Amino acid sequence: QKEFSVLENRSLETRPEFRLSDLLNGDYQEHYETYLNDQMFQRDRWVSLAVTLERLAGKKEINGVYIGKDGYLLEKYDDSDLEDVQIEENIRILSSFLNDAAARYGKKRTTFLMIPDKAAALPDKLPAYANAGIEKDNSVLTALKSRLSEPEIVLDAGPILRDHQDEYIYYRTDHHWTTFGAYLGYTAYCEEEGIEPVPLEALEAETVTEEFAGTLYSKVNDYTHMKDAITVYTNPEDRLRVTYEDTGEVSDSLYNFDYLQEKDKYSLFLNNIHPLVEIENETAPSDDVLMLIKDSYANSMVPFLTHHYKKIYVFDTRYYKDGPSSFLEEHGEVTDVLILYNMNTLDGDTGIRGIY
């Protein structure tokens with residue numbers, strides 16, 4: 001028996017324990033059927049064969065994922081929730097925090113950076129007639145701006161990413177952007193804030209794996225699909241001290257390469273998920289302090305930001321329970337506030353409510 005499928009990235013049904021009550025109400029039969037399916041001999045090979053046959057038949061969508069051009073897998077855009085209550089609530093919470101950060105807390109720079117979903121960033125990679133969802137992105141950002149006292153603080157990374165969609169800016173098998181995509185987002189932020197970005201050629205680049213199979217790979221279950229390379233960048237001028245507040249772990253690196261042995265290799269960036277990470281750079285050219293509220297997209301952009309700040313506080317509001325707004329009020333040394341979310345997070349992630 002296998003308890004977990006690494007390729008499918010999910011738990012498998014194991015042999016159910018027999019109980020007469022479960023037999024009488026049908027639960028036992030249902031679990032036993034799932035058990036037989038999940039524990040089928042050579043299951044991975046059969047699943048891959050089924051997907052191959054679907055693709056040979058010309059199918060362009062499998063399990064909610066588009067089979068795009070040039071080997072790209074892209075999540076299907078769902079327009080059924082354009083009036084979703086969660087979007088409205090997330091916009092309300094974000095606007096309240098941003099208005100207070102810009103006014104009540106007196107911060108000199110406050111920015112909301114929106115990262116588009118993969119389909120909206122790479123519309124040219126979609127199959128014919130597939131909706132990229134760009135109109136929805138624009139409508140959500142317009143709704144957010146309408147609630148802000150300073151709407152110019154909203155920055156959309158969509159245009160700069162679409163200008164580079166023929167380059168390797170999103171992983172083929174995953175929903176995240178690549179480190180080059182994150183660099184483009186970083187340059188957009190720098191331009192908005194009047195910061196001189198570090199040239200890419202001034203950084204030390206290392207391709208640490210070419211065997212990354214991401215979330216969309218697991219959804220499609222095509223195990224013959226081309227995998228991705230992950231490149232990391234290090235600034236030789238930086239001297240970092242990275243503290244993970246939940247575990248007390250201290251490191252001089254923004255990467256945990258132990259994750260290269262795992263299925264979820266993207267977690268090497270910023271050591272996966274932590275409620276609060278404190279990053280100090282003793283060689284930073286300024287005394288500015290950044291408060292970064294983010295989802296996982298920011299993890300691969302942080303290595304570019306660290307050069308410009310003496311200290312960065314990185315928050316994941318899904319797990320940080322004390323409220324970044326309270327933290328901001330108590331830490332007067334914070335000079336800059338950046339909220340970075342992917343549109344999918346803004347669309348329906350209830351973790352945003354933890355901001356304010």
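Figured I'd write up the structure that's included with this text. Note that this is a predicted model, so its numbers are computed, not measured.

So, about the overall build of the protein. Scanning the protein for helices and strands turns up twelve helices and 15 strands. The C-alpha radius of gyration computed for the protein amounts to 22 Å, which stays within 12% of the reference 21 Å derived for 356 residues, consistent with globular compactness. For the C-alpha atoms alone, the extent of the protein along its principal axes is close to 65 × 45 × 45 Å. Burial analysis of the protein (356 residues in total) assigns 53% to the buried set. Across the protein, contacts joining residues at least 24 apart in sequence account for 71% of those joining residues at least 6 apart.

Glycine aside, negative phi is the norm for most residues, and most peptide bonds take the trans geometry. Notably, Asn63 is not glycine yet its phi reads approximately 55 degrees, a positive angle. Tracing the chain through its elements places Asn63 in the loop between strand E3 (61-62) and strand E4 (65-67). Of note in the backbone geometry, Asn272 takes a positive phi value of approximately 70 degrees without being a glycine. Relative to the helices and strands, Asn272 is located in the loop between strand E11 (250-251) and strand E12 (276-281).

Counting 59 residues, the largest nonpolar core has Ile279, Leu292 and Met301 as the members making the most contacts within it. The contacts of Met301, once residues within four sequence positions are left out, are Leu113, Trp177, Ala182, Gly185, Tyr186, Tyr189, Leu338 and Leu340. With 33 residues, the next largest nonpolar core counts Ile87, Leu144, Leu276 and Ile339 among its residues.

With seven of seven residues buried, strand E6 (residues 109-115) lies mostly within the body of the structure. Here E6 shows no split at all, with Arg109, Thr111, Leu113 and Ile115 on one side and Thr110, Phe112 and Met114 on the other all buried. As defined by bridge partners, E6 adjoins strand E15 (residues 336-342) across seven bridges and the pair is classed as parallel. For Phe112, the partnering residue across the bridge sits in E15 and is Ile339. Both E6 and strand E7 (residues 154-156) contribute to a ladder of three bridges, which runs parallel. Pairing of Phe112 across the sheet is with Val154, part of E7.

This next bit is on helix H8 (residues 179-193). Between its terminal C-alpha atoms H8 stretches 21 Å, which fits the 21 Å expected from 15 residues at 1.5 Å a residue. Of all 15 residues in H8, 13 are buried; the element is thus mostly enclosed. Downstream of H8 by a residue or two, Gly194 has a phi angle that is positive, lying close to 70 degrees.

Another point: the pairing of strand E14 (residues 311-315). For E14, the buried fraction is high: five of the five residues fall into the buried class. Where burial is concerned, the two faces of E14 agree: the one with Lys311, Tyr313 and Phe315 and the one with Ile312 and Val314 are both buried. Judged from the five bridges that link them, E12 and E14 form a sheet pairing that is antiparallel. Residue pairing for E14: Glu280 is matched across the bridge by Lys311. Pairing of strand E13 (residues 289-294) with E14, which is carried by five bridges, proceeds in the parallel orientation. Within E14, the position partnered with Val289 by the bridge is Lys311.

A word on the sheet that holds strand E10 (residues 240-244). Overall, mixed pairing links the eight strands, which are arranged E7-E6-E15-E13-E14-E12-E10-E11 in an open sheet. Lying at the two open borders of the sheet, with one neighbouring strand each, are E7 and E11. In this sheet, E11 lies alongside E10 in antiparallel orientation, the contact comprising two bridges. Following the sheet pairing, Thr243 is matched in E11 by Val250. Of the strands in this sheet, E6 and E7 are in contact with helix H6 (residues 134-145), which crosses E7 at around 170 degrees.

About the cut-offs
- Within each chain, residue numbers correspond to sequence positions counted from 1 in written order.
- Residues qualify for local features only when their pLDDT is at least 70, as the model is predicted, and side-chain atom pairs are given and counted only at 80 or more; totals for whole chains, interfaces and linings, by contrast, use all residues.
- Processing note: side-chain calculations cover all non-hydrogen atoms of the structure and skip hydrogens and water entirely.
- The secondary structure listing takes helices from DSSP runs of H or I that are at least 4 residues long and strands from runs of E that are at least 2 residues long, numbered from the N terminus.
- Only C-alpha atoms enter the radius of gyration; for comparison, a globular chain is expected to reach 2.2 Å times N to the power 0.38, where N is the number of residues.
- Three exposure classes are used, based on accessible area relative to the maximum for each residue type with a 1.4 Å probe and protein chains only: buried under 20%, partly exposed in between, and exposed over 50%.
- A contact between two residues is defined here by any heavy atoms of the two lying within 4.5 Å.
- Buried Ala, Val, Leu, Ile, Met, Phe, Trp, Tyr and Cys residues that are joined via side-chain atoms within 4.5 Å together make up what is termed a nonpolar core.
- Strands are labelled as partners when DSSP assigns at least two bridges between them.
- In this scheme, a helix's expected span is set at 1.5 Å multiplied by one less than its residue total.
- For every element, the axis is a line fit to its C-alpha atoms; helices are fit only across the contacting stretch, and the angle between N-to-C directions ranges from 0 to 180 degrees.

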